[in-house]
Amino acid sequence: MSQELTAIQTIEQATRLAIDFVRKYYSFVYPIAARRDNSQWVVDLDISYFRPSYVRVKIFAETGSLEDFKVTLGPLL
C-alpha cells in the first residue's frame, strides 16, 4: 500500500498532521505552538489534563513525512 506524500505549506496543515499522529497514542491533544524552521515544521502539543506533559513533532515540510517526535514530562524546553 503506497501512500503519496504531499508538501506541508501552512501552519494549519502542519498542526493537523501532528495532532492526527499524536491522537493515535494520546486521547487528549491540544496544540500550543507551531513554527516553520528551515525545511521542517515543529509542532508542540499538550498531551495531559493533569500534569505538564508535552510532545514535540517535527515534520519534513517538503514531503509531509514525520521526522521526529519527543515526549517531555515537565516543562517544555
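Because the structure is predicted, anything quoted here is derived from the model rather than measured.

## Here's the deal with the overall build of the protein chain
So, step 1. Helix and strand counts for the protein chain stand at 1 helix and 4 strands.
So, step 2. The secondary structure elements of the protein chain, listed N-terminal to C-terminal, are α-β-β-β-β.
So, step 3. Since a compact globule built from 77 residues should have a radius of gyration of about 11 Å, the 12 Å found for the protein chain is in line with a globular shape.
So, step 4. Evaluated residue by residue, the protein chain yields a buried proportion of 34% over its 77 residues.
So, step 5. In the protein chain, once contacts between residues fewer than 6 apart in sequence are set aside, the share between residues at least 24 apart is 29%.
So, step 6. Carbon together with sulfur atoms contributes 53% to the accessible area of the protein chain, which is approximately 5,500 Å² in total.
So, step 7. Across the protein chain, the mean location of the 9 positive side-chain charges is 7 Å away from that of the 9 negative side-chain charges.

## Some points on the packing of aromatic side chains
So, step 1. In this structure the tally under the stated criterion is 4 aromatic pairs.
So, step 2. Residues F21 and Y25 carry aromatic rings whose centres are separated by 5.5 Å and whose planes lie at 65 degrees to one another, so their mutual orientation is edge-to-face.
So, step 3. Between Y49 and F50, the ring centres sit 5.8 Å apart and the planes meet at 55 degrees, which makes this aromatic pair tilted.
So, step 4. Look at Y49 and you get exposed, because its relative accessible area is 62%.

## Side note on the side chain of S48
So, step 1. Checked against the element boundaries, S48 lands in the loop between β2 (40-46) and β3 (53-60).
So, step 2. What makes S48 buried here is its relative accessible area of 13%.
So, step 3. Of note is the side chain of S48, whose polar atom sits 3.2 Å from the backbone nitrogen of F50.
So, step 4. In contact with S48, other than residues within four places in its own chain, are F28 and S53.

Thresholds applied
Residues numbered from 1 in each chain as written. Predicted model: local features only at pLDDT ≥ 70, side-chain atom pairs only at ≥ 80, totals over all residues. Heavy atoms only, no water. Helix = DSSP H or I, 4+ residues; strand = E, 2+ residues; numbered from the N terminus. Rg over C-alpha atoms; globule rule 2.2 N^0.38 Å. Buried < 20%, exposed > 50% of the residue type's maximum accessible area, 1.4 Å probe, protein only. Contact = heavy atoms within 4.5 Å. Areas by Shrake-Rupley, 256 points an atom, 1.4 Å probe, with all protein chains shown as cover. Lys, Arg positive; Asp, Glu negative; His and termini not counted. Charge placed at Lys NZ, Arg CZ, Asp CG, Glu CD. Phe/Tyr/Trp six-rings, centres within 6.5 Å; stacked < 30°, edge-to-face > 60°. Polar contact = N/O pair within 3.5 Å; in protein donor to acceptor, adjacent residues only side chain to side chain.

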